[in-house]
Each structure stands twice: as C-alpha cells, then as structure tokens.
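Breakdown of the fold
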Amino acid sequence: MTTHHPIAIIGAGLGGLTLARVLHVNGIEAAVFDLDASPSTRTQGGMLDIHVESGQAALKAAGLHDEFRTLVHPGGEAMRVLDRHAVVHLDETDDGDGGRPEVARGDLRELLLDSLPEGTVRWGAKTVGARPLADGGHEVTLADGTSFTTDLLIGADGAWSKVRPLVSRALPAYEGISFVEVHLHDAANRHPASAALTGDGMFFALGGSKGLLGHLDTSGSLHVYIALKTAEDWISTIDFSDIPVAKAAMLDHFDGWDAGLRALITDADGELTPRPIHALPIGHRWDRVPGVTLLGDAAHLMSPFAGEGANLAMLDGAELGLALAAHPGDVEAALKAYETELFPRSEASAAESAENLALCFAEDSPKPLLDQFAAYR
C-alpha cells in the first residue's frame, strides 16, 4: 500500500525544518523528506547573519530563540570593506547589539533537527517527481521507486525544486556572477596576515566587477568566495580537480590586486568549489493551487547580496506553520493567508538583492556600496 502523510515537507533545510518545528509546537505532525543519506552527508556552508525581523522572529515562533543565542559567534557582526589595493574604506566592529548576529549554518540546522521528534525526517528520500490527484492531494515519487500520497505538499527543496512545477513554470536564471569557494583553515595561526587583513567578521574586497568576499567562521577558518562576472559556461572551462591549475585560473582575474588579497587564493587550503549564482524572477508568484505551496529558495531564489536567503526561508516556514495552526481544518484558507504575505515580502527582498549585486560589481566598486552604507547612517 502507498503510504499517506497528511503533511509532507520536501527538503530538510532551514526552512523546511523551521516549518516542521512550528507545526510540532502547535501539535501538528508533519513528515520531512530529504535526499541526503544522513544529516552529516554534506557540509552545511559557512556563517549566517540572522535578522531580528525574520530569522530571529521565526526562531521565537519555534520556541528556540534562547538556544539560538548560545550559538552566536562573538564579534561576527564586524564588517570590513576594502578596495583592490587592500585599502580599508569601512571598518565596523561588532557592537554586540544582536541585530544580525552570526551563527554557523550547521549549528543552526542541528538545533532545529534536535528539536524535532525522532523519525520526523526521512533521510535518503530523494524526490524525483510529484503529481496532483483527483481528491486535491498529491502523489510524490522517490528515487528508489517508492511513492507516498499527501493532503498538503510543501516544496522546501531549494533552487531546483521538484515541487515547483506543480505551481509555476519559472526556472532559475544565471545572474552573470559566479563564486568559487575556498577556505584558509586555522587562519590566526596558519594565515595570520590574511586574518589581520580581512578582520574578525565579514569582509568585501571589491574592484573592477570582481571581488573577494567572505568571513571568519566559528572554527577560526577564513571562508572566502572568489566572485567574478563571467559567462554561464565559464566554470566548465576550468579543471577544478587540478588545484594548482584552478588557482592559476582564478589569479589571472586579479592581476594588479594587492598581494595580500591574492594570497587568499594562493594560500587557500584544499579544493576550490565553483558556485554559479542563479535567481528566480523578481516578484515570482503563482495562482493558488489546492494542496501545495513552496517556501524558501523553491519559492524565491535570489542572489546572496541581501543576506536574506536563510532568513526568509525560516520566516516562510514559521509563517506557514502558524497559518496552518490558525486555520484548523481549512488548509486552503491557511495557504491563501500564507501566500498573501509571502509574495510581497519575497519580492522586496529579491529586488534588494539584485540592486546590491549591481552595486558590488560595478566598475567603480567599492564606491557604490560605500555610498549606500553612508546613506543609511
């Protein structure tokens, strides 16, 4: 017999887990399905700044805000902006106000996972397709050939969501920027000059439509993104399995840059990981489709230049969970209420993200970014 779940959440990222947690504290059971074989299958990325009005509000709805505060990285809200010559144009310390504290994504995900009843997440359950049923529910097919049915299907499965086609034909488009991710481990001891140059929190080194961006994480490693305006197929022209060759290809883009900044590439430890940046159209929305909705990147994938991706995913999860709790027995009323708030909220953040991307990679950067910071003071 095909298994049935009243509520099925596809994806055990921050958004899907926040939804499951908010439902749980409101006495509503949900099943979460994730393609990874276990919670530790993949590293969970670097640091996240969690905003009071979004990510922290979601954690309060989940009853986890006090535990979250214990995960905060002291000093992580510091920020430094440099030009290509390593001249520091902005240097802000962490004043401890807690407005956007930094936490490790992996620690935050673990907090959410540990807050759920055992067995809530079905690991190694990769969704390959979903179809509507005559009764308004959906059938979901997994990679192992099994399937299940659900009354409410929630796509929290990221940029290339398998649930999104049920409500929208939109696909993510390349934003003209590619990141290449590198790490400098134990920076204070092994890379002290780089640690001193980039500071205690987030840093931007920008110039001529390219940059080096990153932060010091809770392990003491520098987590750096090499950011370049490139053609979409550029990544395929580089053999990233050959680390010296890949580093040389990156360095070719930074001729004339300060030697200390170039050292963030030459001294990087381990592999270089390419990450092309994609986004859904600004203002992405859909007509109400019975029994299904989206949250997080599945609903509103955007570039990372508003710092809102994880925050919005968590807020989406919390708001959806609260809407379902507020409309017992009327899923469609809950989904309508949720989507009514979701669409304008995500449109505003996506527009901000696109604007900030343009500021960071203007020919005269970092000036436009610095001007924006000055305007907010």
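Whatever comes next refers back to the structure up there.
What this report covers is the structure whose coordinates are included nearby. Everything numeric here is computed off the predicted structure, so don't read it as measured data.

1. Focus on the overall build of the chain
In terms of regular secondary structure, the chain is built from 12 helices and 16 strands. A compact globule built from 377 residues would reach a C-alpha radius of gyration of about 21 Å, and the chain, at 21 Å, matches this within 12%. Principal-axis analysis of the C-alpha atoms gives the chain an extent of 65 × 45 × 35 Å. Of the contacts formed within the chain by residues at least 6 apart in sequence, a portion of 71% connects residues at least 24 apart. Accessible surface, the chain as shown: approximately 16,200 Å² in total, 52% of it carbon and sulfur. Side-chain charges of the chain comprise 27 positive and 54 negative groups, with the mean position of each set lying 3 Å from the other.

2. Observations concerning the packing of helix H7 (residues 243-251) against helix H8 (residues 259-266)
With their axes 9 Å apart at the nearest point, H7 and H8 run at an angle of 150° to one another. What the angle tells us is that H7 and H8 run roughly antiparallel. When the axes of H7 and H8 are compared, the crossing they make is right-handed. Across the interface between the two elements, Lys247, Met250 and Leu251 from H7 touch Arg262, Ile265 and Thr266 from H8. For the contact of H7 with H8, a count of residues per class yields three nonpolar, one polar and two charged.

3. Section: helix H12 (residues 367-375)
Three- or four-residue spacings in an α-helix give side chains the same orientation, since the helix completes a turn every 3.6 residues. Along H12, the positions that sit buried rather than exposed are Pro368, Leu369, Leu370, Gln372 and Phe373. The inward-facing, buried residues of H12 abut strand S4 (79-82), strand S5 (88-92), strand S12 (202-207) and helix H11 (331-360).

4. Some thoughts on empty space enclosed by the protein
Using the criterion set out here, one finds one cavity of 30 Å³ or more in the structure. When its volume is computed, the largest cavity comes out at roughly 40 Å³. Every residue lining the largest cavity is listed: Leu280, Pro281, Ile282, Gly283, His284, His300, Leu301, Ser346, Glu347 and Ala350. The dominant element in the lining of the largest cavity, judged by the number of residues it contributes, is H11, at three residues. Residues belonging to the lining of the largest cavity are distributed by class as follows: five nonpolar, four polar and one charged.

Rules used in this analysis
- Residues numbered from 1 in each chain as written.
- Predicted model: local features only at pLDDT ≥ 70, side-chain atom pairs only at ≥ 80, totals over all residues.
- Heavy atoms only, no water.
- Helix = DSSP H or I, 4+ residues; strand = E, 2+ residues; numbered from the N terminus.
- Rg over C-alpha atoms; globule rule 2.2 N^0.38 Å.
- Contact = heavy atoms within 4.5 Å.
- Areas by Shrake-Rupley, 256 points an atom, 1.4 Å probe, with all protein chains shown as cover.
- Lys, Arg positive; Asp, Glu negative; His and termini not counted.
- Charge placed at Lys NZ, Arg CZ, Asp CG, Glu CD.
- Axes fitted to C-alpha atoms, helices over the stretch in contact; angles between N-to-C directions.
- Parallel < 35°, antiparallel > 145°, perpendicular 65-115°, else oblique.
- Left-handed = near helix turned anticlockwise from the far one by under 90°.
- Nonpolar A, V, L, I, M, F, W, Y, C, P; charged D, E, K, R; others polar.
- Buried < 20%, exposed > 50% of the residue type's maximum accessible area, 1.4 Å probe, protein only.
- 1 Å grid on protein atoms, 1.4 Å probe; cavity = no way out; pocket = protein on both sides within 12 Å on 5 of 7 lines; lining within 4 Å.
- Points joined across faces, edges and corners; volume = space filled by probe spheres on them.

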